[in-house]
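# Examination of the molecular architecture
Okay, here's what each chain looks like letter by letter:
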Amino acid sequence: ALANDGTGQLLIVQVNSDVRAAVPLDCVKRLEEFSLKEIERVGKSAVIQYRGSILQLVDVAATVGMSREPWTSGHVVVVGNGDSLVGLQVQGILDVSSELSAVKPVAGKPGITSYGVIQGKVIALLDVAHLLTHGLELTDSRVGFEQAGA
């Protein structure tokens, strides 16, 4: 259910000032808005204490190779399966739509499965499975992170 065959509902997000992207709605667990003060850095990773756990944040723009902008919105799209959750940092949460057309698969762009047109604008369809794996790898690489200071 982490891929979109063009028939499901899509959450439209603003990745940076130029680029909109879409996330399959069935991958989305929650939409959150955090205060930037709540975000903690562990090495190169950004994490947040979330519902009794630690949520790894993934900078979507940086991960998919788009120009990064300072993330000031606090908007996070929580995606994943079961306990395997990551937070996708986006500039804004725009809309929900199922009207995807002109889908063009792309190769060689990790984190993006294809481009399409929604509401007259070209958008990138995000590869949630890739972003989830990327985020969980960042977390798993810190062995003993939860036990730090124990």
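Before any of the text, the structure's been laid out above.
Residues numbered from 1 in each chain as written. Predicted model: local features only at pLDDT ≥ 70, side-chain atom pairs only at ≥ 80, totals over all residues. Heavy atoms only, no water.

### Comments concerning the side chain of D59
Short version of the rule: Secondary structure elements are defined from DSSP: runs of H or I of at least 4 residues count as helices, runs of E of at least 2 residues count as strands, and each element is numbered from the N terminus. In this scheme, a residue with accessible area under 20% of its type's maximum is buried, one over 50% is exposed, and one in between is partly exposed, where area comes from a 1.4 Å probe on protein chains only. Contact criterion: two residues are considered in contact whenever any of their non-hydrogen atoms come within 4.5 Å of each other.
Its place among the elements puts D59 in strand β6 (residues 53-59). Take D59: its relative accessible area is 17%, and that puts it in the buried class. When neighbours within four sequence positions are excluded, D59 is seen to be in contact with R68 and Q89.

### Some remarks on the sheet that holds strand β8 (residues 84-90)
Filter applied, for reference: By the convention used here, strands pair only if DSSP detects at least 2 bridges between them. Axes here mean lines fitted to C-alpha atoms, for a helix over just the part in contact, with angles spanning 0 to 180 degrees between N-to-C directions.
Overall, mixed pairing links the six strands, which are arranged β3-β7-β8-β6-β5-β4 in an open sheet. Where the open sheet ends on each side, the last strands, each with one partner, are β3 (28-33) and β4 (39-42). Averaged over all adjacent pairs, the angle separating strand axes in this sheet is 35°, with direction ignored. Note that strand β7 (residues 75-81) and β8 share seven bridges and pair antiparallel. In the strand pairing of β8, N81 is matched with S84.

### Concerning the sheet that holds strand β12 (residues 121-126)
Ordered by their spatial adjacency, six strands build an open sheet running β9-β1-β2-β12-β11-β10, and the pairing between neighbours is mixed. Of all strands in the sheet, those with a lone pairing partner are β9 (92-97) and β10 (101-105), marking the two edges. Averaged over all pairs of adjacent strands, the angle between their axes in this sheet comes to 30°, without regard to strand direction. Two strands pair when backbone bridges link them, and strand β11 (residues 112-118) and β12 are joined in this way by six bridges, in the antiparallel orientation. From the neighbouring strand, I118 faces β12, where its bridge partner is K121.

### What about unusual backbone geometry?
Of all residues except glycine, most have a negative phi; of all peptide bonds, most are trans. One non-glycine residue with positive phi stands out, namely R51, at about 50°. Along the chain, R51 turns up in the loop between β5 (45-50) and β6.

### Concerning the nonpolar core
Spelled out, the test is: Only buried residues count toward a nonpolar core, which is a set of Ala, Val, Leu, Ile, Met, Phe, Trp, Tyr and Cys residues joined through side-chain atoms within 4.5 Å.
Ranked by size, the top nonpolar core spans 23 residues in total, and within it V77, V79, L88 and L126 carry the most contacts. Going through the elements one at a time, β1 (10-14), β2 (20-24), α1 (60-63), β7, β8, β12 and α2 (128-140) are the ones with two or more residues in this core. With near-sequence residues (within four places) excluded, V77 lies in contact with L11, V13, V28, R30, L31, V86, G87, L88, V90 and I93. Within the second largest apolar cluster, 10 residues are counted, among which are I39, Y50, L55 and V78.

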